[in-house]
Amino acid sequence: MTRELERGLRAVFEDRADPVPAQEPDIADRVLVRAGHVRRRRAATAGLATAFVVIVLAIATVTGVLPGMRPSGPTDEAAGPQPTTTPSGNGIDALVLPKDGGRSFIRAADGTKIEPEDGRYVQQGARVPDGFLALTYFGGQRDGETPASTQRLSLYMPGRSPVTLAEDNNLVFSVSADGKRVAVMAPFVTPGQKPWLRVYSLPNGEQLGERAVPEGSDLGGWVGEDIVFGSKRVLQAWNPVSNAETTSGPDRQLQMFGTSKEDFGQTPMAKFAGDQMCIVGIDVRSSFKETTTPRCYAKTDMRVSPASVSPDGRWLVCVTLTLPGMGVAPLTIDLSRDLSPTDDHGSMLSLPPGYEMAGAVWTRDNLLLLVNSDGWWAYDPGDQSLERVSLPDGPVATPVPRYGS
Amino acid sequence: MDSKEKIEADFRDFVTARSAALHRAAYLLTGNWATAEDLVQTALTKTYLAWKRIGDIGSVEAYARRVLYTTNVSWWRRMWRNEHPTEILPEHLGNDHTDEHVERDLMWRFVRKLPPKQRAVLVLRFYEDMSESETARVLGIAAGTVKSQCSRALSNLRTYLAEAGIEMAALDTPGRRRTAT
């Protein structure tokens with residue numbers, strides 16, 4: 001049995017890993033550029049550290065006391081650790097991953113620290129109108145619990161105890177654009193259970209609906225008040241209140257680009273057809289009918305994941321996308337323009353050179369967050385302007401997406 | 001050719017020769033090609049930055065592989081992205097309706113359910129054909145841990161397969177060979 005399983009495993013691995021998609025010809029160049037950024041960042045950090053040590057020693061020489069230390073006195077011993085606060089980071093909330101391996105937490109833009117109970121780690125966070133959603137896992141060893149396997153989705157609101165919405169293995173969640181609903185799915189559950197999808201209202205945490213889903217389903221995102229999920233072959237849109245649902249049908253393969261604000265009948269999706277990948281507007285409530293002319297590209301030239309639609313539904317951003325004459329770059333696409341293939345690039349814009357998108361995170365003002373060796377930047381696809389933003393806790397933090405007003 | 005140019009030239013040669021193999025391993029670890037590409041680039045960046053320390057060109061690939069596997073585990077734990085991307089390209093849809101493919105597809109899903117360390121052990125042992133001690137060296141863990149992780153992973157797979165009513169023989173079609181890299 002074991003030998004058969006091992007042979008089966010080898011066959012599956014060989015089957016899945018072959019063939020490798022066409023490699024970018026300039027991968028070495030890209031890695032060398034990236035390594036240059038890392039070196040410069042390290043040099044800058046080392047320079048700052050040296051300057052800090054020099055200043056500290058200078059102060060110590062003059063005053064006889066090191067900064068941050070107070071002259072010892074009778075009250076110091078009892079004072080204990082002081083709470084840390086961080087100034088606002090231009091309205092950006094951040095997931096902080098301490099370099100020393102400490103527990104991760106969310107730092108709100110106002111300096112508030114959201115830290116799970118029971119020694120858990122935050123894996124993913126989202127700002128909703130009345131607080132934060134946090135997906136957490138237990139990072140240590142405990143009987144019957146594998147690290148990072150059992151996850152918990154909880155709602156944290158100021159002045160209230162955390163509310164646990166769901167707990168299971170390998171949870172994924174998606175927040176509606178208005179921040180009033182969250183869909184939670186367990187596509188892989190323990191043997192004997194059925195994979196499930198539940199929807200909760202926010203902020204009261206009331207369960208609006210529950211249903212079984214096929215094992216291994218993907219959570220595509222929200223379209224208005226419908227949650228879309230499914231597989232490579234079939235997508236389903238489900239309204240947890242009315243229990244209405246529509247299905248895309250097996251004749252074509254569609255992929256969501258993430259949550260859309262409104263169901264305006266033209267939700268942008270990727271359609272795979274033969275050797276092409278097309279961007280097309282879809283009306284999910286009409287059995288995923290196509291409502292715009294598809295704009296198609298060679299599948300090998302274009303990737304669409306991860307991708308995201310801006311909160312106002314105007315911009316589509318793809319992290320990595322290759323088009324003839326445009327190289328490999330994150331791109332934004334103006335969805336308010338005709339999706340028809342009237343020219344090679346239509347409404348596509350390259351992001352500024354040298355900037356990277358470490359995930360599709362939008363601020364409340366429809367600004368896309370980018371990163372380069374100098375830090376974080378808010379990018380406005382409308383006028384292509386850039387504005388520096390500071391994240392709470394700096395380099396050990398990454399932005400948390402925001403939903404609703 | 002000065003030292004920096006030589007390192008760059010050696011690095012380019014290494015990337016040309018081995019990036020496809022690294023991409024394959026990265027795909028088996030991550031489950032989609034876009035993330036695999038990010039993972040490979042991160043591993044190559046770290047490898048290039050450590051090039052002088054690694055010293056011997058013969059040790060470069062082992063170093064790159066170790067970075068690939070350990071980075072994947074740390075990424076998985078630090079996953080923060082706001083949306084979980086769905087898979088991108090339907091790589092093997094030609095035979096989707098055959099039983100064989102459906103069963104392999106299921107097996108692949110079961111592999112993806114495993115915790116990252118168990119998956120890494122399986123890929124190193126049964127895709128890279130490494131011994132337990134070689135696997136332990138790449139992952140930086142004890143050989144005994146490799147053995148226990150492997151055993152636990154196979155046991156989990158057996159349970160999943162039994163529940164799905166899949167027989168081993170269906171997965172192991174004779175005559176399949178790995179493409180040389």
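What you are looking at is a predicted structure, and each value in this text was computed from that prediction instead of being measured.

Parameters at a glance
- Residues numbered from 1 in each chain as written.
- Chains lettered and ligands numbered in written order.
- Predicted model: local features only at pLDDT ≥ 70, side-chain atom pairs only at ≥ 80, totals over all residues.
- Heavy atoms only, no water.
- Helix = DSSP H or I, 4+ residues; strand = E, 2+ residues; numbered from the N terminus.
- Buried < 20%, exposed > 50% of the residue type's maximum accessible area, 1.4 Å probe, protein only.
- Areas by Shrake-Rupley, 256 points an atom, 1.4 Å probe, with all protein chains shown as cover.
- Pairing = 2+ DSSP bridges.
- Axes fitted to C-alpha atoms, helices over the stretch in contact; angles between N-to-C directions.
- Salt bridge = Lys/Arg side-chain N within 4 Å of Asp/Glu carboxyl O.
- Core = buried A, V, L, I, M, F, W, Y, C linked by side-chain atoms within 4.5 Å.
- Domains from an automatic or database assignment.
- Contact = heavy atoms within 4.5 Å.
- Phe/Tyr/Trp six-rings, centres within 6.5 Å; stacked < 30°, edge-to-face > 60°.
- Lys NZ or Arg CZ within 6 Å of the ring centre and 35° of its normal.

1. Side note on the overall build of chain A
Then, in step 1: The secondary structure content of chain A amounts to three helices and 28 strands.
Then, in step 2: Residues classed as buried in chain A amount to 53% of the 405 residues present.
Then, in step 3: Roughly 18,300 Å² of accessible area belongs to chain A as shown, and the carbon and sulfur atoms make up 52% of that amount.

2. Notes on the sheet that holds strand β11 (residues 207-212) of chain A
All names here are of chain A.
Then, in step 1: With antiparallel pairing, four strands are arranged side by side in an open sheet as β8-β9-β10-β11. This sheet does not close on itself; its edge strands, each paired only once, are β8 (172-175) and β11. Between one strand axis and the next, the sheet turns by 15 degrees as a mean value, whatever way the strands run.
Then, in step 2: Pairing of strand β10 (residues 196-201) with β11, which is carried by five bridges, proceeds in the antiparallel orientation. Its bridge partner being in β11, W196 is matched across the sheet by A212.

3. Some points on the pattern of salt bridges
Then, in step 1: For the coordinates displayed, the defined rule picks out 18 salt bridges over all chains.
Then, in step 2: A network of salt bridges, in which partner residues are shared, links R18, E61, R65 and E128 of chain B.

4. Some words on helix α6 (residues 116-126) of chain B
Then, in step 1: A large share of α6 of chain B lies buried, amounting to 10 of its 11 residues.
Then, in step 2: Along α6 of chain B, the residues classified as buried are P116, Q118, R119, A120, V121, L122, V123, L124, R125 and F126 of chain B.

5. Regarding the nonpolar core
Then, in step 1: Counting residues in each nonpolar core, the largest one holds 60 residues, and the members touching the most others are F13 of chain A together with L68, Y69 and L122 of chain B.
Then, in step 2: Looking at this core, the element that brings in the most residues is helix α1 (residues 3-30) of chain B, giving 10 residues.
Then, in step 3: Taken together, domain 1 (3-78) and domain 2 (99-171) of chain B each give at least three residues to this core, which thus spans both.
Then, in step 4: Once you skip the residues sitting within four places of it in the chain, L68 of chain B turns out to touch L22, A25, A26, L29, L39, V40 and A43 of chain B.
Then, in step 5: By size, the runner-up hydrophobic cluster in this structure holds 20 residues, among which are L155, M157, A166 and V182 of chain A.

6. Section: the pairing of strand β16 (residues 253-256) of chain A
Strand residues, when the strand is regular, have side chains that alternate between the two faces of the sheet.
All names here are of chain A.
Then, in step 1: Side chains of β16 alternate between two faces, with Q253 and Q255 and L254 and M256 buried alike.
Then, in step 2: Pairing geometry for β16 and strand β17 (residues 267-273), over four bridges, is antiparallel. Each residue of the ladder has a partner; that of Q255, found in β17, is A270.

7. Some points on the packing of aromatic side chains
Then, in step 1: Scanning the entire structure with this criterion turns up seven aromatic pairs over all chains.
Then, in step 2: Between F14 of chain B and W51 of chain B, the ring centres sit 6.2 Å apart and the planes meet at 70 degrees, which makes this aromatic pair edge-to-face. Of this pair, F14 of chain B sits in helix α1 while W51 of chain B sits in helix α3 (residues 51-54), placing them 37 residues apart in sequence. The exposure classification of F14 of chain B matches that of W51 of chain B, with both residues buried.
Then, in step 3: When the ring centre of W196 of chain A is taken as origin, the NZ or CZ atom of R198 of chain A, which lies over that ring, is 3.7 Å away.

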